[in-house]
Amino acid sequence: MIDNSWTEDAWTDLVTKVTKTSQIMGSKFPTMTDDSGRYAFTQDTWRWVTGFWPGLLWLLYEDTKNPLFSNIALNCETQLDQALHDYVNLHHDVGFMWQLTSVKRYEMTKDMDARRRGLVAASHLASRFNIVGSFISAWNKNDVNDSDPRGLSIIDSLMNLPLLYWASEETGDPRFRHVAIAHTETVLEHFIRPDYSVNHMVEFDPFTGEKIRVRSGQGQSTTSAWARGTSWAVHGLALAYKYTKNPRHLEAAQKVADFFIRELPDDNVPHWDFRVPREATTPRDTSAGMCAACGMLVLGSMLDDGSGEKYIAAANAMTKATYEHYGNWNNDSDGIIRGGTFNHPAGLGIDVSLIYGDYYYVEALHRLRHLKSTR
Ligand code: GLY
């Protein structure tokens, strides 16, 4: 059994921090911090990041029952209706957006508006399935500058699939689940490499379904190992196994998690890409570490033969290191944790707080604190 006693102090620091920052950030949608530690906000409610701040607040509300957190989270969720109704800019990340907000709230309150929002978002995600290629299309025409993205699918997609499993459970209709499983099979075939590193993007012909090529995005190259992409796979495959109980999904989740653990430096905070030279100044990506930690906690808690211990131990070590060395507890930055990398090849958002890094830190801490009662 790991020692997670440190999480009590960490939780107190977190609640103190967010009680303060929630009064600054209110019901806006933070993205990443600027040089002075202030969060920038987006007014485009359709962007993929808009569910993380309300999602983070629901996790805090679950344990504190402080209405400060729930009121803001609900106000954010209501604003997301604009994106849901406009439809035009919606993309595959509707999972990130409505799973962490409406579905989470529905699970806690059984509110029927929350259920309806979750089901509409799931319907949109299912409709993005390209039958001939058996993949969920990530984006829309005009979203990506240099090409037509109708045939593009990305590893992040795995994180959106729980919305589909939930919709099938909720409605009793297996259609959503069929789409999630079919897409997961495509990910296993085309995204997971023989050494269990992962491709970021794969381009298919949207009319014939044929695979055209592997593309890189936020990683160094098509053969490098982008840390956050790897973390999407660790977490996403663990969630796939949670819903399918397919042993191939478990094996893939374990192998990708093993790869991630092997690539961690001694201080347990991943570099932004596992295949760039590691200098003292090479940027880290705490968001990748925290997303992977959550996946390892999901994975480890499903294995009752002792093989899950190493994943839980790795998650505990990564989260503790992030708490101790990357937490903004004693300064007035808006971000909870620093050391995130948004897009290194584009030179954007390096050593910043990212709202999804903050979210997954809170989720990891929340899971670690509840380890005893959930295992
Ligand atoms: N989902 C986009 C990213 O990981 O930056």
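Scroll up to find the structure.
Every value quoted in this text rests on a predicted model; they were computed, and no experiment measured them. (Residues numbered from 1 in each chain as written. Predicted model: local features only at pLDDT ≥ 70, side-chain atom pairs only at ≥ 80, totals over all residues. Heavy atoms only, no water.)

Caption draft 1: Region of the structure containing the overall build of the protein. Counting its regular elements, the protein contains 14 helices and nine strands. Seen through its C-alpha atoms, the protein measures out along the principal axes to roughly 55 × 45 × 45 Å. Relative to its full complement of 375 residues, the protein shows a buried share of 60%. A separation threshold of at least 6 residues defines the contact pool for the protein, and within that pool the share at least 24 residues apart is 67%. Carbon and sulfur atoms form 49% of the exposed surface of the protein, whose accessible area is close to 14900 Å². (Helix = DSSP H or I, 4+ residues; strand = E, 2+ residues; numbered from the N terminus. Buried < 20%, exposed > 50% of the residue type's maximum accessible area, 1.4 Å probe, protein only. Contact = heavy atoms within 4.5 Å. Areas by Shrake-Rupley, 256 points an atom, 1.4 Å probe, with all protein chains shown as cover.)

Caption draft 2: Seen up close, the nonpolar core. Core analysis: the largest hydrophobic core is formed by 115 residues, its most contacted members being Leu56, Leu164, Met296, Tyr360 and Tyr361. Counting residues per element, this core draws most heavily on helix 11 (residues 286-302), which supplies 10 residues. Look past the residues within four positions of tyrosine 361 in its chain and what remains in contact with it is Ala10, Leu14, Met290, Thr319, Thr322, Tyr323, Trp329, Ile336 and Ile337. (Core = buried A, V, L, I, M, F, W, Y, C linked by side-chain atoms within 4.5 Å.)

Caption draft 3: A look at the side chain of asparagine 328. Relative to the helices and strands, asparagine 328 is located in the loop between helix 12 (309-326) and strand 8 (340-343). Only 2.9 Å separates the side chain of asparagine 328 from the backbone oxygen of glycine 335, close enough to count as a polar contact. Here asparagine 328 is in contact with Lys17, Ser333, Gly335, Ile336, Ile337, Arg338 and Ser353, once residues within four sequence places are set aside. (Polar contact = N/O pair within 3.5 Å; in protein donor to acceptor, adjacent residues only side chain to side chain.)

Caption draft 4: Representation of the site of the ligand in the model. The ligand sits among Trp48, Asp156, Gln218, Trp226, Arg228 and Trp232. Contacts to the ligand include aspartate 156, whose side-chain N or O atom sits 2.6 Å from a nitrogen atom. Arginine 228 is positioned with one of its side-chain polar atoms (N or O) 2.6 Å from an oxygen atom of the ligand. Here the ligand has 200 Å² of accessible area as a free molecule, and 92% of this is covered by the chains. (Near = heavy atom within 4 Å.)

Caption draft 5: Broad picture of the environment of serine 197. With respect to the helices and strands, serine 197 occurs in the loop between helix 8 (175-190) and strand 6 (201-204). Distance in space between the C-alpha atoms of serine 197 and leucine 348 is 24 Å, their sequence separation being 151 residues. Side-chain polar atoms of serine 197 contact the side chain of aspartate 195, separated by 2.7 Å.

Caption draft 6: Representation of the sheet that holds strand 7 (residues 211-215). Reading across the sheet, the three strands line up as 5-6-7 and stay open at both edges, with antiparallel pairing between neighbours. The open sheet is flanked by strand 5 (152-154) and strand 7, the only strands paired with a single partner. Across this sheet, the average inter-strand angle for adjacent strands is 25 degrees, counted without regard to direction. Note: strand 6 against strand 7, four bridges, orientation antiparallel. Counted as the bridge partner of methionine 201 is arginine 215 from strand 7. (Pairing = 2+ DSSP bridges. Axes fitted to C-alpha atoms, helices over the stretch in contact; angles between N-to-C directions.)

Caption draft 7: Region of the structure containing helix 9 (residues 227-244). For helix 9, with 18 residues, the first-to-last C-alpha span of 25 Å sits near the 26 Å given by 1.5 Å per residue. Counting buried positions along helix 9 gives 17 out of 18 residues, so the element sits mostly inside the fold. Directly after helix 9, the chain includes lysine 245, whose backbone phi takes a positive value near 55 degrees. (Expected span 1.5 Å × (residues − 1).)

Caption draft 8: Structural context of the packing of aromatic side chains. Counted under the stated rule, the structure contains 20 aromatic pairs. Between phenylalanine 52 and tyrosine 356, the aromatic rings sit 5.8 Å apart at their centres with planes inclined by 55 degrees, giving tilted as the arrangement. In this pair, phenylalanine 52 sits in helix 2 (residues 52-64) while tyrosine 356 sits in helix 13 (residues 355-369), placing the two residues 304 residues apart along the sequence. Using a relative accessible area of 0% as the deciding quantity, one classes phenylalanine 52 as buried. Since its relative accessible area comes to 2%, tyrosine 356 is described here as buried. Aromatic pair tyrosine 165 and tyrosine 243: ring centres 4.8 Å apart, planes at 10 degrees, arrangement stacked. Here tyrosine 165 is found in helix 7 (residues 162-171), whereas its partner tyrosine 243 is found in helix 9, with 78 residues between them in sequence. Look at tyrosine 165 and you get buried, because its relative accessible area is 3%. On the basis of relative accessibility, which here comes to 17%, the residue tyrosine 243 falls in the buried class. (Phe/Tyr/Trp six-rings, centres within 6.5 Å; stacked < 30°, edge-to-face > 60°.)

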